[in-house]
Amino acid sequence: MVDTLKLGGIKLSGELVHIDFQESAKSSEKLITLLRRITEAKITIPHLHQVQSAGTIYTSLCIAAEDFPRLAVEAKEELQTGERRVIPSMGTITLFPHRFALGLYTRVIQALIEAEIPFHGVSTSISALVIHCEYLLLDQAVEAILTCCELPDNHTPLRPVVLLGDQPVETIAVYWEPKIRIYGMDVQQKLTRISWQMPAELYGNEEYRKLGSQEEKFRLLLGQTQENSVFHGELLIEDRWRKSTLRTIHAILACDSRCLGSFNEEEVDLVSFHGPHFQDRYGIAERVFVALQKGGINLLSSGCTGTSVHLVVGKGDGSKTAECLAEVCTVPS
Amino acid sequence: MSDKKLILVVDDDTDLVEMISMKLESENFQVAKAYDGVEAFEKIKEEKPALIILDVMMPRKDGYVLCEELKNSDDYKDIVVVLLTAVSDAVSSTNYTHMGGKTTLADDYVPKPIDLDKLMEIVKDNL
């Protein structure tokens, strides 16, 4: 009998639209232009993540499906260039808490692969592992995940429809604040960023099952499956987990000649912050990315999920990044 | 049996639940977690916490309703409730404001974004 992993809960998103695009890692023009349009349309972004390889940064962001018609008007020009891939009817499954366990990620992805449920991306917040897949497959995906994970007795997956008795709970209008209120900013140094690309089908292989089997922990996990079914993955780990994680990833990549040269390892800093009800406040991502651009920060990758924002920058750039962000963020006293 | 006091943290923001829980554990409290009002009530019945850190705006049952139920119940009225109020008072289209929170029967109120050290002080003062 296989042991199941204990979860605190599962949340399912409403219907989302993904917008994916790529640009040179030296530029953030496409990203900032689109974020500006999203802010102008007063739209919030539940998830945004970026991975980088070979000088190209791959951005994937999503908005609520009901907001997309408004964005389509605001950003007509940007969305029609063909440089951005719009994927309708997507959704997310949020598993919490992840306790930074790499093994949870491995088991969940394995369960999805076995159930033949394609996943579009993965990202993590302070507490949660978020899997992006087709909206219509969310229930099947939960069923697959529950073959390897266990929920508390009194928990059923939380859905976006909120009810108070028979009445919908009041939801608030999205709002904008002149400065982004946050709980504080954290800079972690001496982390190893491992990035790799591989055909998504390799997720089913024997070597992959070993990822996280020695109870390795991650600090941040990001991944995107591109249109050509190539998966771009990124892991940030502390030094003590470096060797065992690298050994497994090299073994996975060695299984397929298409993975040759698709691996990178470097020391980085991670800047993180977290704020209340980010999901109801629009314009946050735009101000953050503009501040980084103005400060000349070379962003390697990022993950904005739920109410946390993680920014991966070069070794030694963490403090400077935090200073740039202090221009747009505030910790109320 | 542990002599650590049990605190129940209730918020649908899972990241915040984790942050507060880590801080409470570092201060030697025992922590239980719930992610909406219905789940919280089940945990309260099972575990009888000494104090509840309770968000106001949550799915299924919000913090106002849960707080009122607890404070009107002979079994649970003595459990200390610290309410986390979230939405800026500048937003006129909601009842989930700090001022709104103050109209409830909660024992104490903390506006978000919370200062974790301040929250620990409030927890200790109320136990």
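Residues numbered from 1 in each chain as written. Chains lettered and ligands numbered in written order. Predicted model: local features only at pLDDT ≥ 70, side-chain atom pairs only at ≥ 80, totals over all residues. Heavy atoms only, no water.

Novice: Sorry if this is basic, but what is going on with the overall build of chain B here?
Specialist: A count of helical and extended segments in chain B gives 5 helices and 5 strands. Listing every helix and strand of chain B by position from the N terminus yields β-α-β-α-β-α-β-α-β-α. Restricting to contacts in chain B with at least 6 residues of sequence separation, those with at least 24 account for 66%. Accessible area of chain B: about 5,400 Å², with a carbon and sulfur share of 45%. (Helix = DSSP H or I, 4+ residues; strand = E, 2+ residues; numbered from the N terminus. Contact = heavy atoms within 4.5 Å. Areas by Shrake-Rupley, 256 points an atom, 1.4 Å probe, with all protein chains shown as cover.)

Novice: Where do I start with helix H1 (residues 29-40) of chain A in this structure?
Specialist: One full turn of an α-helix is made of 3.6 residues, so residues set three or four places apart face in the same direction. Residues and elements named next belong to chain A. End to end, H1 covers 16 Å across 12 residues, agreeing with the expected 16 Å (1.5 Å per residue, within 8%). For H1, every residue scored as buried is listed here: Leu31, Ile32, Leu34, Leu35, Ile38 and Thr39. Summarising the axial view, the buried residues of H1 lie within an arc of 165 degrees, below the 170-degree limit, and thus occupy one face. Within two residues after H1, Lys42 carries a phi angle of roughly 55 degrees, on the positive side. (Expected span 1.5 Å × (residues − 1). Buried < 20%, exposed > 50% of the residue type's maximum accessible area, 1.4 Å probe, protein only. Arc of directions from axis to C-beta.)

Novice: So what exactly am I meant to see when it comes to the pairing of strand S18 (residues 308-314) of chain A here?
Specialist: All names here are of chain A. By the criterion of burial, S18 is predominantly enclosed, with 7 of the 7 residues buried. Two strands pair when backbone bridges link them, and strand S16 (residues 263-274) and S18 are joined in this way by 7 bridges, in the antiparallel orientation. Each residue of the ladder has a partner; that of Val268, found in S18, is Gly314. When strand S17 (residues 299-305) meets S18, the two strands line up antiparallel, connected through 6 bridges. The residue of S18 that forms the bridge with Cys304 is Val309. (Pairing = 2+ DSSP bridges.)

Novice: What's the story with the confidence of the model for chain B in this structure? I'm lost.
Specialist: Regions with low pLDDT carry predicted coordinates that are not meant to be interpreted in detail. Residues and elements named next belong to chain B. A residue-level look at chain B finds 83% of positions with pLDDT of 70 or above and a mean pLDDT of 83. No element of chain B has a lower mean pLDDT than helix H4 (residues 98-101), which averages 55, and none a higher one than strand S1 (residues 6-10), which averages 96. Between residues 88-94, whose pLDDT stays under 50, and residues either more than four places distant or in other chains, the model counts 14 contacts. (pLDDT = per-residue confidence, 0-100.)

Novice: Help me understand the packing of helix H2 (residues 37-47) of chain B against helix H3 (residues 63-71) of chain B, please; the structure alone is not making it clear to me.
Specialist: For any two helices packed against each other, the geometry is given by the interaxial angle and the distance between the axes. All names here are of chain B. Viewed as axis vectors pointing N to C, H2 and H3 meet at an angle of 25 degrees, and their least axial separation amounts to 10 Å. Taken together, the axis directions place H2 and H3 in an arrangement best described as roughly parallel. Here the hand of the crossing between H2 and H3 comes out right-handed. For the pair formed by H2 and H3, the contact residues are Gly37, Ala40, Phe41 and Ile44 on the first element and Leu66, Glu69 and Leu70 on the second. The residue makeup of the contact of H2 with H3, split by class, is 5 nonpolar, 1 polar and 1 charged. (Axes fitted to C-alpha atoms, helices over the stretch in contact; angles between N-to-C directions. Parallel < 35°, antiparallel > 145°, perpendicular 65-115°, else oblique. Left-handed = near helix turned anticlockwise from the far one by under 90°. Nonpolar A, V, L, I, M, F, W, Y, C, P; charged D, E, K, R; others polar.)

Novice: Sorry if this is basic, but what is going on with the sheet that holds strand S4 (residues 80-85) of chain B here?
Specialist: Sheet strands associate in pairs through backbone hydrogen bonding, adopting either a parallel or an antiparallel arrangement. Residues and elements named next belong to chain B. Within the open sheet, the 5 strands sit side by side as S2-S1-S3-S4-S5. Their pairing is parallel. The open sheet terminates on both sides in strands that have one partner only, identified here as strand S2 (30-34) and strand S5 (108-111). Taking each pair of neighbouring strands and ignoring which way they run, the sheet shows an average axis angle of 20 degrees. Looking at chain direction, S1 and strand S3 (residues 51-55) are connected through 4 bridges and run parallel. Within the sheet, the bridge partner assigned to Val9 lies in S3 and is Ile53. On the sheet, helix H1 (residues 14-26) packs against S1, S2, S3 and S4 and is oriented at approximately 170 degrees with respect to S2.

Novice: Any chance you could explain the nonpolar core here in plain terms?
Specialist: Most often, soluble globular proteins have nonpolar side chains that are buried together. All names here are of chain A. In terms of nonpolar packing, the biggest core is built from 46 residues, with Ile93, Tyr105 and Leu112 touching the most fellow members. Looking at which element gives the most residues to this core, the answer is helix H4 (residues 102-114), with 7 residues. Tyr105 has contacts with Val122, Leu129, Tyr203, Tyr208, Leu211, Leu221 and Phe231, leaving out every residue within four places of it along the chain. Grouped together as the second largest cluster of nonpolar side chains are 39 residues, Ala41, Ile43, Leu61 and Cys304 included. (Core = buried A, V, L, I, M, F, W, Y, C linked by side-chain atoms within 4.5 Å.)

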